[in-house]
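Secondary and tertiary structure notes
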Amino acid sequence: MKNLLDHMEDVLLMGPGPSCVHEAVYKAMATRSIGHMDFYFIEIMDEIKALLMKTLNTQNRLTVPVSGTGSAGMETCFVNLIEPGDRVLVLINGVFGKRMEDVAGRLGAQVETLEFEWGTPVIPDKVAEKLKGERFKIVSVVHAETSTGVESPVEEIGKIVTQHGALYLVDTVTSLGGIPVEADRWGVDALYSGSQKCLSCPPGIAPVTFSDRAVEAIGARKSKVPNWYLDMNMVIQYWDGANRVYHHTAPINMLYAFYQSLLLIHEEGLMSIFNRHRNAHDRLVAGLEKMGLQMLVAPEYRLPMLNAVKVPGDIDEAAVRVALRKTHKIEIGAGLGPLAGKIWRIGVMGHTARVENVDRLLSALKTELGG
Ligand SMILES: *Cc1c(COP(=O)(O)O)cnc(C)c1O
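Residues numbered from 1 in each chain as written. Predicted model: local features only at pLDDT ≥ 70, side-chain atom pairs only at ≥ 80, totals over all residues. Heavy atoms only, no water.

1. Quick word on the sheet that holds strand β14 (residues 343-347)
Stated precisely, the cut-off is as follows: When DSSP finds at least two bridges between two strands, those strands are taken to pair. Here a strand is any run of E in DSSP of at least two residues, a helix any run of H or I of at least four, and the numbering for each starts at the N terminus. Two residues form a contact once any of their heavy atoms are found within 4.5 Å. Every axis corresponds to a line fitted to the C-alpha atoms, with the helix fit spanning only the stretch in contact, and the corresponding angles, defined between N-to-C directions, vary from 0 to 180 degrees.
Strand order in the open sheet formed by three strands is β11-β14-β13, with antiparallel pairing between adjacent strands. Each edge of the open sheet carries a strand with a single partner, namely β11 (306-310) and β13 (333-334). In this sheet, β14 lies alongside β13 in antiparallel orientation, the contact comprising two bridges. Counted as the bridge partner of A334 is W344 from β14. Contacts between helix α11 (residues 317-328) and the sheet are confined to β13 and β14, with β14 contributing the most and set at about 30 degrees to the helix.

Written as structure tokens, this is what we have:
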């Protein structure tokens, strides 16, 4: 039988995720499987939880890796907190805010949105204005909008939301592991992320955390959480306490990989990792600008790990991406929604965020653009 995996190329992943995976993480994935109720596996689970709490800067007891990708993390946060008719305010400045609106709406929430121009951040004053005299149960925002490369001021927004008394729900899929994420200090009540962006693990795990206030809100529900698989009341009985209760079979080898990724992160140290992202970003932007290319986002709002670059008018953007992939073995991303065809999205996420990778891309891009 032919096996396509025999011909897998080593592609430098510089798109919006997945990012490059460290050899140690691939090796961890190939570790022998054991039972999901095995005492040794439960020890690994406890270590994962502790490392995750450290990564998120939280003391929340309800901090677990959900079996699924970042979107499963999004769904987990909303499905546990929303009951039909609840008022939810979604702050939107790109694709992933839009996805939150869709998810919350499907759960029967009364969703309102506050939209900001794509390529710009959420403006805290506008949020304060919108909340004045209103009562929302949840306010949600994306920290790092991967569709545009913009960072929103989640700490400032958190102060406003806390004052209002709503639960504060934050998407940190792209930010976690690339720039500081401080769940407790920001007053975050529910947060999700994903394994394949700056955590540099393959896709398949979504860290989530819920504050005590959020746990209380889940406990005070009048109706059952409508999604069995993501119901934190049950999931936590497997992840916490002396007597672990089977819920669903944990993705054992995926969790080995996730564990190893977190170990690598804390061996290197978050601060040096943030600097590594910043250095790679600075080098990339300088190189792109030297080639006459322009960034979509104003410097003060730019994310280091996701760089939106304007495609020059006379260039076939898809042809350049295909050439980078086929000739140079480098993946970069396309624009989404209203930005499709207008930008490239270049990721310097996690293990990928190294100046040598940036230099390789710049040189390949120069060749393809005829520079
Ligand atoms: C990638 C991403 C998601 C979705 O994660 P998946 O792993 O693709 O399901 C959600 N939010 C943001 C900001 C993302 O970048």
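2. Notes on helix α12 (residues 355-368)
Think of an α-helix as 3.6 residues a turn; residues three or four steps apart then line up on the same face. Here is the rule: In a helix, the anticipated span is given by 1.5 Å times the number of residues less one. Residue burial is assigned from relative accessible area. The probe radius is 1.4 Å, only protein chains are included, and a residue is buried under 20% of its type maximum, exposed over 50%, and partly exposed in between.
An ideal rise of 1.5 Å per residue puts 20 Å on 14 residues; α12 measures up with 20 Å between its terminal C-alpha atoms. What α12 keeps buried is the set N357, V358, L361, L362, A364 and L365. Elements that come into contact with the buried residues of α12 comprise β1 (12-13), α10 (270-290), α11, β12 (330-331) and β14.

3. As for the domain arrangement of the protein
Quick note on the threshold: Boundaries of every domain are those given by an automatic assignment or by a domain database. Reported buried area values correspond to the accessible surface (1.4 Å probe) lost by two parts on association, with both partners' losses combined. Just to be clear on terms, a salt bridge is a Lys or Arg side-chain nitrogen sitting within 4 Å of an Asp or Glu carboxyl oxygen. Think of a polar contact as two N or O atoms within 3.5 Å of one another; within protein, one of them needs to be a possible hydrogen donor and the other a possible acceptor, and neighboring residues in sequence only count if both atoms come from side chains.
Domain assignment breaks the protein into domain 1 (4-18 + 269-368) and domain 2 (23-266). If you average the C-alpha positions of domain 1 and of domain 2, the two centres end up 26 Å apart. Between domain 1 and domain 2, the buried area comes to about 2100 Å², and carbon and sulfur atoms account for 72% of it. At the boundary of domain 1 and domain 2, one finds zero salt bridges. Our enumeration of links across domain 1 and domain 2 arrives at five residue pairs in polar contact (both at pLDDT 80 or more). The set of elements that each furnish at least two residues to the side of domain 1 that touches domain 2 consists of α10, β11 and β14. Element by element, the count of residues in the side of domain 1 that touches domain 2 is highest for α10, at four residues.

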